[in-house]
Amino acid sequence: MKKRQLIAACLLMAACCTAAGQQTNGNRRSTVTTQGDSIIIRKGQGDMRINIYEDLPDDKSTDEVKVYEGVYVKRIDADRQSWLDAIPFIPNKNRKRNNAYEPHNSGIFIGFTHMTDNFMGFSDSRHFPLDLSQSWEFGFNFLSTYHNFSRNPHWGLNIGVSWGYRSFNIDGPVALLKQDGRAVFSPGDEGTSYSQSRLRHFFFRIPVTAEWQQRLTRGRRLFFNMGPEIEIRHGVKSFAHINGGKKKCVGKGMYVNPVGVGLLTQAGYGNLGVYLRYSFTRMFQKGKGPEVSPYSFGLAWYW
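Chemist: Mind laying out the overall build of the protein chain, listing which residues take part and the relevant values?
Modeler: For the protein chain, the count of helices and strands is two helices and 15 strands. Within the span of the protein chain, comprising 303 residues, buried residues form 39% of the whole. In the protein chain, the share of contacts with a sequence separation of at least 24, taken over all contacts with a separation of at least 6, comes to 62%. A total accessible area of about 17400 Å² is found for the protein chain, and carbon and sulfur atoms account for 57% of it.

Written as structure tokens, this is what we have:
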């Protein structure tokens, strides 16, 4: 225990002496002698080596035996050198604040949502009449974790869980109803008319994205991430105003696929960004509704 305390004290003395006696260029070597023992410090372009030798005299000669060797490498911020950099068990606050990886996963998002007939297409759907200006979604991430690749501040893998609400505003005097085991658009009959119809559902989403980021001015980062996303839908309902009256629920479930798989892409600067998510799976179960796929785009605020 006494030897460990001596080594720690010697490391502090050596680091202080090295910081005080730094040279401008080239390799640097400093030697500190304390009570017969030697501490040799070599500092090059990319690392710092600290060797401690213990004096073990005998009857014939005086020998020194190496009792400790430490190597400090991979200096992150060369413009802010400190004697604390030579001590590996002291956290570097500047490094953590300015260079650590920061995932853009948790936050609040809001945007427009749409339907398309074609896979990876963005054209208006012929099978699902939709008013884009009144079709939207919002949600927030309540769980987030990440993995930083080899402590590289530029690359990481983000995983999160979000919850939210999505609403599709149906265009025209029709309502989405269940008929003969299918979800179909009905214009009503002689005694019933529909208006301002809507299909809505709640969701849990689990995105897994690979992110690249670059720190720019004032510690803010330019970032881009992309990856698959699983969507679990619940609380699916179809609403309509019947004969101009109040909004009423005209169907539940609506044969919507309970699970969807899509692609999420995000980009931004600082705490603000834009997103685009596209579903690879159809909105409705096969043969039980319009052959359409949902996608959405909007703004996000990350914390």
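Chemist: So, the nonpolar core: which residues are in play, and what are the values?
Modeler: Across soluble globular proteins, nonpolar side chains show a tendency to be buried alongside one another. Formed by 15 residues in total, the largest nonpolar core has its most connected members in Phe-128, Leu-199 and Phe-284. Those residues in contact with Phe-128 that lie beyond four places of it in its chain are Met-115, Phe-168, Ile-170, Phe-185, Leu-199, Phe-284, Pro-290 and Val-292. One finds Phe-203, Leu-264, Ala-300 and Tyr-302 within the second-largest nonpolar core, a separate group that totals seven residues.

Chemist: Would you mind going over the pattern of salt bridges in detail, with residue names and values included?
Modeler: One side chain can pair with another of opposite charge once the charged atoms of both are near each other. Counted according to the given criterion, the structure contains 10 salt bridges. Note that Arg-166 is salt-bridged to Glu-137, the shortest N-O span being 3.4 Å. Placement of the pair is Arg-166 in strand 7 (residues 155-169) and Glu-137 in strand 6 (residues 136-148), with a sequence separation of 29 residues. Connected through salt bridges with shared partners, the residues Glu-137, Arg-166, Arg-205, Glu-229, Glu-231, Arg-233 and Arg-277 form a single ionic network.

Chemist: Give me the lowdown on the pairing of strand 6, citing residues and values where you can.
Modeler: Here five bridges tie strand 5 (residues 107-116) to strand 6, and the two strands are oriented antiparallel to one another. Each bridged residue has a counterpart across the sheet, and for Ile-108 the counterpart in strand 6 is Phe-140. Here strand 6 folds back onto strand 7, and the loop between the two strands holds six residues, one of which, Ser-150, carries a positive phi near 50°.

Chemist: Which residues make up the pairing of strand 12 (residues 247-252), and what values go with them?
Modeler: Judged from the five bridges that link them, strand 11 (residues 221-242) and strand 12 form a sheet pairing that is antiparallel. In the sheet register, Ser-238 faces strand 12, and the bridge partner there is Gly-251. Hairpin connection from strand 11 to strand 12: four residues lie between these consecutive antiparallel strands, with Asn-243 at a positive phi of about 55°.

Chemist: An account of the packing of aromatic side chains is requested, with residue identities and associated values reported.
Modeler: The full count for this structure, using the stated rule, is 20 aromatic pairs. Centroid distance Tyr-101 to Tyr-146: 5.4 Å. Interplanar angle 45°. Geometry classified as tilted. In this pair, Tyr-101 is assigned in the loop between helix 2 (93-99) and strand 5 and Tyr-146 in strand 6, connecting sequence segments 45 residues apart. Tyr-101 sits in the buried class, given a relative accessible area of 5%. Taken together, a centroid distance of 5.6 Å and an interplanar angle of 80° make the contact between Trp-301 and Trp-303 edge-to-face. Looking at Trp-301, the relative accessible area reads 42%, which means it is partly exposed. A connected cluster of aromatic rings, assembled from ring pairs, spans Trp-136, Phe-138, Phe-140, Phe-142, Trp-163, Tyr-165, Phe-202 and Phe-204. One Lys or Arg, Arg-277, reaches over the ring of Phe-109 and ends 5.0 Å from the middle of that ring.

Chemist: Break down the side chain of Thr-116 for me, with residues and values.
Modeler: The residue Thr-116 is located in strand 5 in this model. At 3.2 Å, the side chain of Thr-116 and the backbone oxygen of Ser-123 are in polar contact. Ignoring any residue separated from it by four or fewer positions in sequence, one finds Thr-116 in contact with Gly-121, Phe-122, Ser-123, Ser-125, Tyr-278, Arg-282, Glu-291, Val-292, Ser-293 and Tyr-295.

Chemist: Describe the environment of Gly-121, listing the residues and the values that go with them.
Modeler: With respect to the helices and strands, Gly-121 occurs in the loop between strand 5 and strand 6. Look at Gly-121 and you get buried, because its relative accessible area is 13%. In the structure, Gly-121 is positioned 172 residues away from Ser-293 in sequence and 9.1 Å away in space, judged by C-alpha atoms. What Gly-121 contacts, discounting residues up to four positions off in sequence, is Thr-116, Tyr-278 and Tyr-295.

Cut-offs and rules
Residues numbered from 1 in each chain as written. Predicted model: local features only at pLDDT ≥ 70, side-chain atom pairs only at ≥ 80, totals over all residues. Heavy atoms only, no water. Helix = DSSP H or I, 4+ residues; strand = E, 2+ residues; numbered from the N terminus. Buried < 20%, exposed > 50% of the residue type's maximum accessible area, 1.4 Å probe, protein only. Contact = heavy atoms within 4.5 Å. Areas by Shrake-Rupley, 256 points an atom, 1.4 Å probe, with all protein chains shown as cover. Core = buried A, V, L, I, M, F, W, Y, C linked by side-chain atoms within 4.5 Å. Salt bridge = Lys/Arg side-chain N within 4 Å of Asp/Glu carboxyl O. Pairing = 2+ DSSP bridges. Phe/Tyr/Trp six-rings, centres within 6.5 Å; stacked < 30°, edge-to-face > 60°. Lys NZ or Arg CZ within 6 Å of the ring centre and 35° of its normal. Polar contact = N/O pair within 3.5 Å; in protein donor to acceptor, adjacent residues only side chain to side chain.

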